Amino acid sequence: MKQGLEIIDSIQKKQNVTLEKLRFLLETQDKEVLEYLKHLASQTTLAIYDNHIYIRGLIEFTNICKNDCLYCGIRKSNTNAERYRLTKEDILSCCHTGYELGFRTFVLQGGEDGYFTDELICNIVSSVKKQHPDCAVTLSIGEKTFESYQKYFDAGADRYLLRHETANEAHYQTLHPSELSLENRKRCLRDLKDIGYQTGCGFMVGSPNQTIETLYEDLQFIRDLQPQMVGIGPFIPHKDTPFAAKPAGTLDRTLRLLSVIRLIHPHVLLPATTALGTIHPQGRELGILSGANVVMPNLSPSQVRKKYMLYNDKISSGEESAEGLKDLKQRMESIGYQVVVARGDYK
Ligand code: SAM
């Protein structure tokens with residue numbers, strides 16, 4: 001068997017990758033090898049999750065943030081961002097709409113906004129769970145203490161998304177202000193797992209200063225942490241950030257990494273992210289065909305969507321939106337997959 005194909009087989013068998021194998025898979029231009037990588041990754045997903053695509057209703061409930069991450073359009077220094085907060089009633093109304101559409105997971109994501117105290121978050125989580133006891137609630141509201149995470153969990157939160165962004169210390173520092181540390185980010189992720197959340201980490205593909213070596217560290221971190229979810233999508237510059245002139249991550253590299261992650265971590269819930277849909281009109285489908293099995297359409301009220309602008313030209317209508325679900329279903333069917341009405345827990 002050809003050497004490149006053997007490499008892919010060995011990654012699948014060992015559920016691990018070496019730096020050299022990763023370099024090969026990210027650099028090769030051999031079409032047969034790339035097809036095989038996609039094929040094995042998507043077969044792995046099909047064997048575990050069938051051809052089912054899980055949908056998550058994303059509610060971006062505040063774009064106010066105390067942090068100043070250099071890549072992010074809602075960083076606190078961006079005075080051009082028009083800030084907003086949704087009320088508890090707005091959030092419940094989004095969930096109601098989502099439920100009718102067939103969503104059984106709601107993802108509450110936002111900047112680190114002090115207005116939303118632990119008490120308020122717990123109140124919102126328990127209200128959503130009370131109205132929709134058959135649904136999962138995912139939080140994605142950044143770095144908190146163990147005690148806060150425990151309170152949200154006790155209020156009914158099921159899952160938590162917190163991308164680690166990069167597992168390399170020096171790289172982490174180039175992406176974040178000095179108050180933020182990789183050490184604390186990792187502490188948060190371990191706390192979340194210990195508490196019992198289905199936990200998601202992840203990173204941007206092509207973030208400034210990322211190298212194959214740092215990506216290798218990301219994959220090793222994922223192997224160590226054993227998260228239930230991994231969110232990766234291309235870095236896309238935002239015009240009002242210090243990284244405005246940096247190049248975006250590529251579709252090709254993101255797809256290759258989705259496949260590698262599926263092979264080393266077969267059961268992981270792996271979204272084809274909004275950022276992937278933003279850099280290519282078929283980004284979502286291509287992500288699924290590379291091993292992803294989750295999509296997260298936007299359930300936020302349409303008047304605030306354009307304000308949650310993490311990067312230039314972020315999509316928020318069409319198949320990306322909850323109203324575009326019919327279109328999304330058709331697109332998934334056209335590639336042999338079906339969107340299901342289910343919580344879509346980790347298997
Ligand atoms: N504040 C929470 C946190 O830090 O986890 C959740 C919101 S944060 C905006 C969600 C994710 O958006 C980040 O983890 C980051 O990876 C992604 N993101 C931010 N800016 C981005 C950019 N310019 N391109 C692509 N993704 C970006």
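For the structure, see preceding data.
No experiment lies behind these values; they were computed from the predicted model shown.

**Student:** When you look at the packing of aromatic side chains in this model, what are you seeing that I'm missing?
**Tutor:** Each aromatic ring pair is described using two quantities: the centre-to-centre distance and the angle formed by the ring planes. What the rule picks out here adds up to 7 aromatic pairs. Each ring, one from Tyr160 and one from Tyr197, has its centre 5.7 Å from the other, and the planes form 80°; the classification is edge-to-face. Taken together, the residues Tyr160 in strand β5 (residues 159-161) and Tyr197 in the loop between α8 (182-195) and β6 (198-205) connect sequence positions 37 residues apart. With respect to burial, Tyr160 and Tyr197 carry one shared label: buried. Note on Phe235 and Phe243: the rings are 6.3 Å apart at their centroids and 85° apart in plane angle, and the pair reads as edge-to-face. By the burial criterion, Phe235 is buried, and Phe243 matches it. Aromatic ring contacts, followed pair by pair, group Tyr149, Phe153, Tyr160 and Tyr197 into a single cluster.

**Student:** Would you mind going over the sheet that holds strand β9 (residues 338-340) with me for this structure?
**Tutor:** Note: strands within a sheet are paired through backbone hydrogen bonds, in either parallel or antiparallel orientation. Sheet architecture is open: 3 strands sit in the order β8-β1-β9, paired in parallel fashion. Each edge of the sheet is formed by a strand with only one pairing partner; in this case those strands are β8 (294-295) and β9. Bridging between strand β1 (residues 52-55) and β9 involves 3 bridges; their strand directions are parallel. Across the sheet, residue Ile53 finds its bridge partner in β9, namely Val339. Contacts from helix α14 (residues 325-334) reach β1, β8 and β9 within the one sheet, and its direction differs from that of β1 by about 155°.

Conventions we followed
Residues numbered from 1 in each chain as written. Predicted model: local features only at pLDDT ≥ 70, side-chain atom pairs only at ≥ 80, totals over all residues. Heavy atoms only, no water. Phe/Tyr/Trp six-rings, centres within 6.5 Å; stacked < 30°, edge-to-face > 60°. Helix = DSSP H or I, 4+ residues; strand = E, 2+ residues; numbered from the N terminus. Buried < 20%, exposed > 50% of the residue type's maximum accessible area, 1.4 Å probe, protein only. Pairing = 2+ DSSP bridges. Contact = heavy atoms within 4.5 Å. Axes fitted to C-alpha atoms, helices over the stretch in contact; angles between N-to-C directions.

Without other data, these values stay purely geometric and don't point to any function.
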